[in-house]
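Results of the structural survey
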Amino acid sequence: QVQLVESGGGLVQAGGSLRLSCAASGRTFTTDTMGWFRQAPGKEREFVAGADWTVGNTLYADSVKGRFTISRDTAKNTVYLQMNSLQAEDTAVYYCATDFRGPAVAETRSYGSWGQGTQVTVSS
């Protein structure tokens with residue numbers, strides 16, 4: 001089973017940028033369908049971005065479209081989430097997920113493996 005470890009979170013001012021990393025061990029995962037999700041205090045976990053690398057498709061939540069970009073480094077078996085123009089509303093714990101089993105990239109129930117999360121705090 002793949003193990004995922006997120007990193008790169010931190011405290012940033014509004015308008016700033018962060019790059020999150022999701023490193024995998026146990027097997028190659030950068031060719032899999034995967035997703036980034038986030039969960040703010042008192043809220044449900046929500047979809048942020050996803051990728052189906054088999055066909056080269058990426059998908060973004062409307063709230064982050066144009067600001068966040070998902071990418072991968074196959075040599076490092078790592079997927080990234082570049083986050084620009086961060087806003088206070090982006091404050092959350094961010095998770096990466098894989099072992100996609102359907103039905104949809106944007107649904108939490110679609111994934112069988114999750115990382116432990118990394119905190120992103122945006123100060124306004």
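Residues numbered from 1 in each chain as written. Predicted model: local features only at pLDDT ≥ 70, side-chain atom pairs only at ≥ 80, totals over all residues. Heavy atoms only, no water.

Once that is clear, we can look at the pattern of salt bridges. Throughout the structure, instances matching the rule amount to 7 salt bridges. The closest approach of N and O atoms between Asp62 and Lys65, which form a salt bridge, is 3.1 Å. Exposure class is identical for Asp62 and Lys65. Each is exposed. Overlapping salt bridges bring together Arg38, Glu46, Arg67 and Asp90 as one network. (Salt bridge = Lys/Arg side-chain N within 4 Å of Asp/Glu carboxyl O. Buried < 20%, exposed > 50% of the residue type's maximum accessible area, 1.4 Å probe, protein only.)

What follows is about the sheet that holds strand E3 (residues 18-25). Spatially, 4 strands are ordered E1-E3-E8-E7 in an open sheet, and the strand pairing comes out antiparallel. Edge positions in the open sheet fall to strand E1 (3-7) and strand E7 (68-73), since each of these has one partner strand only. Going across the sheet, the axis of each strand differs from the next one's by a mean of 20°, ignoring polarity. Alignment of E1 against E3, held across 5 bridges, turns out to be antiparallel. Within E3, the position partnered with Leu4 by the bridge is Ala24. (Pairing = 2+ DSSP bridges. Helix = DSSP H or I, 4+ residues; strand = E, 2+ residues; numbered from the N terminus. Axes fitted to C-alpha atoms, helices over the stretch in contact; angles between N-to-C directions.)

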